[in-house]
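Each chain, written out:
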Amino acid sequence: MMVSLADLRAERPDVFSDGCPTRTVLDHVMGKWGVLVLVGLSDGTQRWGELRRNVTGISEKMLASTLKTLEGDSLVRRTAYPEVPPRVEYALTDLGHDLMERMLPLMAWVAENADAMLDRPK
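First things first, this report covers the structure right here in the doc. Just so it is clear, the model here is predicted, and its values are computed rather than measured. (Residues numbered from 1 in each chain as written. Predicted model: local features only at pLDDT ≥ 70, side-chain atom pairs only at ≥ 80, totals over all residues. Heavy atoms only, no water.)

To continue, consider the sheet that holds strand 1 (residues 46-47). Taken in spatial order, the three strands make up an open sheet running 1-3-2, and their pairing is antiparallel. Edge positions in the sheet fall to strand 1 and strand 2 (76-81), since each of these pairs with one other strand and no more. Pairing analysis gives six bridges linking strand 2 to strand 3 (residues 87-92), with the strands arranged antiparallel. The residue of strand 3 that forms the bridge with Arg77 is Ala91. (Pairing = 2+ DSSP bridges. Helix = DSSP H or I, 4+ residues; strand = E, 2+ residues; numbered from the N terminus.)

Next comes the structure, spelled out in structure tokens:
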């Protein structure tokens, strides 16, 4: 069942309005790098280098910033192991998995329709 904006606003009148936390979350989750990092982590736990290779085009600085933001939003968990050399892994939290269950169908739709929308042959 699809929920409308009217349905959402019936429960919470300020949803998606200026200053509402939903706008901040949308910015973090739906921004170019946020989406791609989350999709990358939907395949499972990854170390920094793996994730950087899977999210092609992202700079080290942007990957670090995006991971920090998503960790702050409780969507990504960072685990540092006390080893030499240091090992750090990134994984989706339960909340992150819940989000990706909803977002992956959208990503599949985008992948299927992007060429047609941009008027390019497959």
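Within this structure, the stated rule accounts for zero aromatic pairs. Above the plane of the ring of Tyr81 lies Arg87, whose end atom (NZ or CZ) is 3.7 Å from the centre. (Phe/Tyr/Trp six-rings, centres within 6.5 Å; stacked < 30°, edge-to-face > 60°. Lys NZ or Arg CZ within 6 Å of the ring centre and 35° of its normal.)

Okay, the environment of Glu50 next. Tracing the sequence through the fold places Glu50 in helix 4 (residues 48-54). Here Glu50 falls in the partly exposed class, since its relative accessible area comes to 34%. Sequence separation of Glu50 and Gly40 is ten residues, and the distance between their C-alpha atoms is 9.3 Å. (Buried < 20%, exposed > 50% of the residue type's maximum accessible area, 1.4 Å probe, protein only.)

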